[in-house]
Amino acid sequence: MIIYLVNRYFWPDESATSLLLTDLAEDLQAAGHEVQVFTSRQLYNHPQARLPRRQIWQGIQIHRLRTSRFGRRHFCGRLFDIITFHLALRYANNITVKPDAWFVMTDPPLVVNTVLQLRRRLGGRVIHHVDDVYPDLAMALGSLPQRGWVSSLLGRWAEAGLRNCDQVLALGECMAGVLKNKGVTADRLAITPPWADGSRLSPLDHGENRFRREIGIPGDHLVVMYSGNMGLGHRFETILAAARALASKDKIHFVFIGEGARKPQIDDWRRRHHLNNIMMLPYQPRERLRETLSAGDIHLISLDAQVQGYIVPSKLAGILAVGRPVMFLGNEQNSIAAAILKAQCGLVIPEGEVSRFQELIEGLMENPECRRRLGDAARNLFDREYDRAVVVPKIMTQIGPYRA
């Protein structure tokens, strides 16, 4: 099969969608398919990067489209980057071979609609991996007005795209419910959660963890870690209030690793309240992910209830892989909360319950056996449902043989 993959970011970029697509491309190539990737020349955190326009990596043909490179800092620049990617893909002169299938993610938003236009000329099944639901997410975050002709037009365009895909992949039950309401029929909808590579990620004891030593945290201290995107769809008020309440506990540390629009809010809180128990670190290289995630004793996932079903945090799989307890701060009806509670690998705390959150952290500090038990359950859940070796074959089955 000839399979075209479309996403704005791909190897060597290390953003979440890039890592997932890179894994999929490798596995498709290893299975004997011809894989071509249509992406940008940018890196997620370095929009000014100019990666090679054409490259063959591990047998995968990479076509990097020429787009504007304003980045995500300002709305107008971000919008222009999105528009120029759509145009560059629509009129790319190197898309000539007819594919058997297209695998399309959601960066930039609504790019599947442009792919559907290309399908009219080139054919091929379209499999849409929905990482974010647009324009609903933008409206929930205030980037687009809830009403008006722009939102209405984008909404109709998005629903038309979803209805015309051959297969739609949702990241969780909540997202699947949203997509069903947009007209995606059950026979075209499957749930494939974000995965991690269990051959690369496994539990690592603190005594063997070089990263934990480098950041200066003793093995008998407790690290409450948030690793990943600190975006607008995530809430940090409860976490930060608890960190302030626990500032006198010199053996409890809050470590934030990553970037995002909310990072300045966290850093400002840390400086304003002179909190030495909060550590801010940038994204770490993927080859050190086992060390960085294993450095945490408890991992945090937060999600604003307003965006439930529109995004699904991808960080859960990596946390489960290294066998660490998960604390989810958000709506108890969320599919991530349900998975945690069913597997008994962590705890769920509604947003705003600072005292309860604080008490749970202190309790886990005093009970390493409980942390170990929760961590073992986390790895068991990973092996069953979130390992690359489990999820990617399901996606490859959804791509399936092309029938003209």
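These remarks concern the structure in this document.

## A few points about the nonpolar core
Phase 1: Counting residues in hydrophobic clusters, the biggest one holds 63 residues, and the most contacted among them are Val6, Leu89, Ile95, Trp102, Leu179 and Leu320.
Phase 2: Ranked by residues supplied to this core, first place goes to helix 3 (residues 111-122) with 6 residues.
Phase 3: Once you skip the residues sitting within four places of it in the chain, Leu89 turns out to touch Val6, Phe38, Leu65, Ile95, Val111, Thr114, Val115 and Leu118.
Phase 4: Counting 29 residues, the second-largest nonpolar core is a separate cluster that includes Ile252, Phe256, Ile298 and Leu364.

## Here's the deal with the packing of aromatic side chains
Phase 1: Applying the stated criterion across every chain yields a total of 9 aromatic pairs.
Phase 2: Each ring, one from Tyr226 and one from Phe256, has its centre 6.3 Å from the other, and the planes form 35°; the classification is tilted. Placement of the pair is Tyr226 in strand 9 (residues 222-227) and Phe256 in strand 10 (residues 252-257), with a sequence separation of 30 residues.
Phase 3: When its relative accessible area of 0% is taken as the criterion, Tyr226 is described as buried.
Phase 4: The buried category is assigned to Phe256, whose relative accessible area is 2%.
Phase 5: Among the aromatic residues, ring-to-ring pairing joins Tyr4, Phe38 and Trp102 into one connected group.
Phase 6: Positioned above the aromatic ring of Tyr91, the side-chain terminus of Arg90 is 5.3 Å from the ring centre.

## Some remarks on unusual backbone geometry
Phase 1: That bond from Asp107 to Pro108 is cis: its omega, 5°, falls within 30 degrees of zero.
Phase 2: Within the fold, Pro108 resides in the loop between strand 5 (101-104) and helix 3.
Phase 3: A cis amide bond links Tyr134 with the next residue in sequence, Pro135, at an omega value of 5°.
Phase 4: In this fold, Pro135 is placed in the loop between strand 6 (125-129) and helix 4 (136-140).
Phase 5: Even without being glycine, His274 reaches a positive phi, approximately 50°.
Phase 6: With respect to the helices and strands, His274 occurs in the loop between helix 9 (263-272) and strand 11 (278-281).

## Some details on the side chain of Arg371
Phase 1: Mapped onto the elements of the fold, Arg371 is located in helix 14 (residues 368-386).
Phase 2: One buried charge, Arg371, has no salt-bridge partner; the nearest side chain with opposite charge is Asp297, at 4.4 Å.
Phase 3: Of the polar contacts made by the side chain of Arg371, one reaches the backbone oxygen of Leu364; its length is 2.5 Å.
Phase 4: For Arg371, the contacting residues outside a window of four places in its chain are Leu222, Asp297, Ile298, Pro325, Leu364 and Met365.

## Some details on the sheet that holds strand 7 (residues 167-170)
Phase 1: The mixed open sheet is built from 8 strands, whose spatial order is 3-4-2-1-5-6-7-8. Only two strands of the sheet have a single partner each, and these edge strands are strand 3 (54-57) and strand 8 (189-191). Adjacent strand axes in the sheet meet at a mean angle of 20°, parallel and antiparallel pairs treated alike.
Phase 2: Those strands touched by helix 6 (residues 173-181) are strand 7 and strand 8, and its axis lies near 170° from that of strand 8.

## Examining the pairing of strand 2 (residues 34-40)
Phase 1: Taking burial as the measure, the 7 residues of strand 2 include 6 buried ones, the bulk of the element.
Phase 2: Both strand 2 and strand 4 (residues 60-65) contribute to a ladder of 5 bridges, which runs parallel. Each bridged residue has a counterpart across the sheet, and for Phe38 the counterpart in strand 4 is His63.

## Side note on helix 2 (residues 75-90)
Phase 1: Its 16 residues give helix 2 an end-to-end C-alpha distance of 23 Å, which sits within 8% of 22 Å, the value for a rise of 1.5 Å per residue.
Phase 2: All buried positions along helix 2 are accounted for by Gly77, Asp81, Ile82, Thr84, Phe85, His86, Ala88 and Leu89.
Phase 3: Those residues of helix 2 hidden inside the fold are in contact with strand 1 (2-6), strand 2, strand 4, helix 3 and helix 5 (149-164).

## Points about the packing of helix 8 (residues 237-245) against helix 13 (residues 354-365)
Phase 1: The contact between helix 8 and helix 13 brings their axes to 9 Å, and the two run at 60°. As judged from the angle between their axes, helix 8 and helix 13 are oblique. Our pair here, helix 8 against helix 13, has a crossing hand that is right-handed. Residue-level contacts link Thr238, Ile239, Ala241, Ala242 and Ala245 of helix 8 to Val354, Phe357 and Gln358 of helix 13.
Phase 2: Broken down by class, the residue content of the contact of helix 8 with helix 13 amounts to 6 nonpolar, 2 polar and no charged.

What counts and how
- Residues numbered from 1 in each chain as written.
- Predicted model: local features only at pLDDT ≥ 70, side-chain atom pairs only at ≥ 80, totals over all residues.
- Heavy atoms only, no water.
- Core = buried A, V, L, I, M, F, W, Y, C linked by side-chain atoms within 4.5 Å.
- Buried < 20%, exposed > 50% of the residue type's maximum accessible area, 1.4 Å probe, protein only.
- Helix = DSSP H or I, 4+ residues; strand = E, 2+ residues; numbered from the N terminus.
- Contact = heavy atoms within 4.5 Å.
- Phe/Tyr/Trp six-rings, centres within 6.5 Å; stacked < 30°, edge-to-face > 60°.
- Lys NZ or Arg CZ within 6 Å of the ring centre and 35° of its normal.
- Lys, Arg positive; Asp, Glu negative; His and termini not counted.
- Salt bridge = Lys/Arg side-chain N within 4 Å of Asp/Glu carboxyl O.
- Polar contact = N/O pair within 3.5 Å; in protein donor to acceptor, adjacent residues only side chain to side chain.
- Pairing = 2+ DSSP bridges.
- Axes fitted to C-alpha atoms, helices over the stretch in contact; angles between N-to-C directions.
- Expected span 1.5 Å × (residues − 1).
- Parallel < 35°, antiparallel > 145°, perpendicular 65-115°, else oblique.
- Left-handed = near helix turned anticlockwise from the far one by under 90°.
- Nonpolar A, V, L, I, M, F, W, Y, C, P; charged D, E, K, R; others polar.

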